[in-house]
Amino acid sequence: MSKKILIACDSEQVSDFISNFAAKEGFTVSVICDISCDIQHVVRECCILHPDIIFLGGCYLEAEQECRHSSLMSDIYVLGKADDAHSVQLPLDIKELTAIFEKYNTRHIGECGTLKIDNERNCAVVGDKVYPLSLIELEILRCFIMNPNRVFSKEQLAYEVFGPDVADADRQAEEAVGELKSKLDGLSSKWSIRLLWGVGYKFEVNE
C-alpha cells in the first residue's frame, strides 16, 4: 500500500527538505507551495489524496482545524511551533523528522499479540475473525495500541484523535470507546479496554 504525504508550506526550502526526506522513506509526496492557493485548496487536496502525514506551515497554518476534521486518519504537524506533540520546530531538525516517521511506522503497524489493525479494510482482526470499525474507533484503537497501559482521560484521548478545539470531540471519543469495548471485549486474556470510572480509559496489556 502506498504511503502518502502532503506538504503545504510557503517556504520552498522547508518543503524541499521534508519532501526529500519523505521520498527516501518511501512516501509519495504532494507539495503545495504556491501562496496563491487558499486554505480551501489545501483542504480539498486532503480530501482527494487522503494523505497519511500532513505538514502545514506559513500561510497554511490556518488550515489546521479543517484538515483535522476532514483527514481524521492523517498525522498532522504544524511547522514553526513547539508547544505540543503535533508541532515541529524551525529550523528543521533531522532527528525530529526521523522521530515523526518512526512514530508513523509504529502507528501504522497497529499490532498487539493476536490483535491487528487492517488499514485496507478499516477493521480489527483478532486471530482469523474480522471486526469492522468506524474511522474514529480505528484511530482510538491505534492510539491505545501505541500506548499500552497508559491511562487517558476523556479529554486527552479526544485530543490525541481529533486534535485541539474540535467541537463535541469528548462525546465522540466516549461513544467510540464504548463501541470498541462492545466489539472487542473478552476476545483475549492478554489485552483489554478498561473503563476507569472518574478517571478515563486504559488499554491494559498483560505480559
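Residues numbered from 1 in each chain as written. Predicted model: local features only at pLDDT ≥ 70, side-chain atom pairs only at ≥ 80, totals over all residues. Heavy atoms only, no water.

**A few points about the pattern of salt bridges**
Oppositely charged side chains may form a pair once their charged atoms are brought near each other. This structure, assessed with the given rule, holds ten salt bridges. For Arg-194, the salt bridge identified is with Glu-204, shortest N-O distance 3.0 Å. In this pair, Arg-194 sits in strand β11 (residues 191–196) while Glu-204 sits in strand β12 (residues 200–205), placing the two residues ten residues apart along the sequence. Residue Lys-202 is joined to Glu-204 by a salt bridge in which the shortest nitrogen-to-oxygen separation is 3.4 Å. Judged by its relative accessible area of 17%, Lys-202 is buried. Among the residues examined, Glu-204 registers a relative accessible area of 18% and is labelled buried. (Salt bridge = Lys/Arg side-chain N within 4 Å of Asp/Glu carboxyl O. Helix = DSSP H or I, 4+ residues; strand = E, 2+ residues; numbered from the N terminus. Buried < 20%, exposed > 50% of the residue type's maximum accessible area, 1.4 Å probe, protein only.)

**Details of the pairing of strand β7 (residues 115–118)**
In this structure, strand β6 (residues 111–112) lies alongside β7, joined through two bridges in antiparallel fashion. Considered in β7, the bridge of Glu-111 is made with Lys-116. The turn joining β6 and β7, which pair antiparallel and follow one another in sequence, is formed by two residues; a positive phi near 60° is taken by Gly-113. In the sheet, β7 pairs with strand β8 (residues 123–126) via four bridges, with the strands oriented antiparallel. Residue pairing in the sheet places Asp-118 in a bridge with Cys-123 of β8. Once β7 ends, the chain turns through four residues before running back antiparallel as β8, passing Asn-122 with a positive phi of about 55°. (Pairing = 2+ DSSP bridges.)

**Considering the sheet that holds β8**
Strand order in the open sheet formed by four strands is β6-β7-β8-β9, and the pairing between neighbours is antiparallel. Looking at strand neighbours, the two that pair on one side only are β6 and β9 (129–132), the edges of this open sheet. For β8 and β9, the ladder comprises four bridges, and the chain directions are antiparallel. When the sheet's bridge partners are listed, Val-125 is paired in β9 with Val-130. Against the sheet, helix α5 (residues 135–146) engages β6, β7, β8 and β9, with an angle of about 135° to β7. (Contact = heavy atoms within 4.5 Å. Axes fitted to C-alpha atoms, helices over the stretch in contact; angles between N-to-C directions.)

**A short note on the packing of aromatic side chains**
On inspection of all chains with the given rule, the structure shows six aromatic pairs. Aromatic pair Phe-27 and Phe-101: ring centres 5.2 Å apart, planes at 70°, arrangement edge-to-face. Taken together, the residues Phe-27 in strand β2 (residues 27–32) and Phe-101 in helix α4 (residues 94–109) connect sequence positions 74 residues apart. One exposure class covers both Phe-27 and Phe-101, and it is buried. Both rings, one in Phe-144 and one in Phe-152, keep their centres 6.2 Å apart while their planes meet at 55°; by these two values the pair is tilted. The same class applies to Phe-144 and to Phe-152, which are both buried. Each residue in the set Phe-144, Phe-152, Trp-191 and Phe-203 is aromatic and connected to the rest through ring pairs, giving one cluster. (Phe/Tyr/Trp six-rings, centres within 6.5 Å; stacked < 30°, edge-to-face > 60°.)

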